Amino acid sequence: MSEIIRRDPRAEWIARNRLHPLHAAMQLQVHSWMGPNGLVRKNPHGLGFIGPAGLKRIDRSGAQQGGNAKRSAATEVPLPLHQVMQPAFYINVVPDMVGGRLSSHDRDLLGLARQLAGADGAVLAVVFGEHKERAFATAGVDRLLVLEGNEFSGYAPEQRVQGLRAVDNQFGPRHWLLPDSRNGGGELGRRFAAALGERPATRVWQVKDSQCVGRAGAGLQDLARPVSRLILAAAECAEPVSETRHEALPVELSTSVARSLARIEDLGAVAVDPAAIPMAEAEFIVSGGNGVRDWPLFHQAAAALGATEGASRVAVDDGFMARERQVGASGIWVTARVYVAVGISGAIQHLQGIGACDKVVAINLDPGCDMIKRADLSVIGDSTQILQALIAAITAYRQAAKRDAA
């Protein structure tokens, strides 16, 4: 088990917010108090520790302050349960669910739905087909409707519109929220609006005081209009739900979904060279830094993973990667769902460039570097050995898949 102490930004925010229901549980050990004679007493043992040279050191990591127990709002303190027994109305959300999981855009959308629902409304999430998500409850979902069937799989916007119309007839939601994204939500929302004969509010980034504000004029202007029933929201339209958990009760349609005419045939995904994908649009990026010693092996691992290659500024300056592959504030800001940093220590400019990535995996020899602290998953070890093991595992997996298919 790693001894690296990781910060919990959410716990720190709760500790500062006196109005939060978990505020009292997140308070640290008291180090000063008023004595019986009116003098302030301090605990000298709680403010630091004696270093190896016998000098008093102030511990800013939080390990000494607050005792040995590590505070974590996600594991030690249960979130308060928000229940809506008899919803006065519904706010329906259709997340993209790329890869079968909620994306950061989807969570922002659910946060906006939670604002519109208030205390009396319920957030109903509509999901097509099988999914892998297990965190609907902590994302703000009160009711969950899964529309299963082969007719909804793949690229089937017309059939999905039929499903949404059936949901609309049964629940009569006050608002429909879809992500205005290139992952399908933008197209599905516009098709659905045309089927309902309603005008949607598009590229919405703020809803306040019965007004929704969306981007216009190639993103250079804001357009305000009354809140419409159908909202296509942009990323960061609201803060995702984090301070409550919800029931996520499953519900079902009372009627079957009508079949649409098969005017569109899905021929499957088209194979694309990862090197041809622009860095800003790549979903899976493997970046190399100063810690990479075998660059041919790095290229081989990226090709085996089917990932787009990136690099830190040091690797670019040393000539190992092209300038258009540089990730960071001085290079390209990326929004990948998975970002693998190989041998990158994590300069502040690089961390700024990957701030919008969903999951970060760090491979590094230094367990105390900033990239390890930022990563969701860390692998401590030599990058050459780890990449070799990764390539071997991928090869074995694909050979087993071929044998099973045969």
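What comes next is a walk through the structure. (Residues numbered from 1 in each chain as written. Predicted model: local features only at pLDDT ≥ 70, side-chain atom pairs only at ≥ 80, totals over all residues. Heavy atoms only, no water.)

Re the sheet that holds strand S16 (residues 284-288)
Paired through their backbone hydrogen bonds, the strands of a sheet run either parallel or antiparallel.
So, point 1. Pairing is parallel across the open sheet formed by 5 strands, whose spatial order is S17-S16-S18-S19-S20. The open sheet has two edge strands with one neighbour each: strand S17 (308-311) and strand S20 (377-380). Here the strands of the sheet are splayed against their neighbours by 20 degrees on average, with no regard to which way each runs.
So, point 2. As paired strands, strand S18 (residues 338-342) and strand S19 (residues 359-364) are joined by 5 bridges and run parallel to one another. Looking across to S19, one finds that Val340 is bridged to Val361.
So, point 3. Its contacts with the sheet place helix H5 (residues 295-305) against S16, S17 and S18, and it is angled at close to 175 degrees to S16. (Pairing = 2+ DSSP bridges. Helix = DSSP H or I, 4+ residues; strand = E, 2+ residues; numbered from the N terminus. Axes fitted to C-alpha atoms, helices over the stretch in contact; angles between N-to-C directions. Contact = heavy atoms within 4.5 Å.)

Considering the pairing of strand S6 (residues 90-93)
Both faces of the sheet carry side chains from a regular strand, because those side chains alternate between them.
So, point 1. Residues Tyr90 and Asn92 point to one face of S6 and Ile91 and Val93 to the other, with burial holding for every one of them.
So, point 2. Alignment of S6 against strand S7 (residues 122-128), held across 4 bridges, turns out to be parallel. If you follow Tyr90 over to S7, its bridge partner there is Ala122.
So, point 3. Where the polypeptide runs from S6 across helix H2 (residues 104-117) and back to S7, its parallel neighbour, the crossover connection is right-handed.
So, point 4. In the sheet, S6 pairs with strand S9 (residues 175-179) via 3 bridges, with the strands oriented parallel. Looking at S9, one finds that Val93 is bridged to Leu177. (Buried < 20%, exposed > 50% of the residue type's maximum accessible area, 1.4 Å probe, protein only. Right-handed = clockwise from strand over helix to strand, strands pointing away.)

Here we look at helix H4 (residues 185-196)
So, point 1. The end-to-end C-alpha distance of H4 is 16 Å, a good match for the 16 Å that 12 residues give at a rise of 1.5 Å each.
So, point 2. Contacts from the buried residues of H4 go to S7, helix H3 (157-171), S9 and strand S13 (230-233).
So, point 3. Among the residues trailing H4, Gly197 stands out with phi positive, at a value near 70 degrees. (Expected span 1.5 Å × (residues − 1).)

By themselves, these are just geometric observations and shouldn't be taken as functional.
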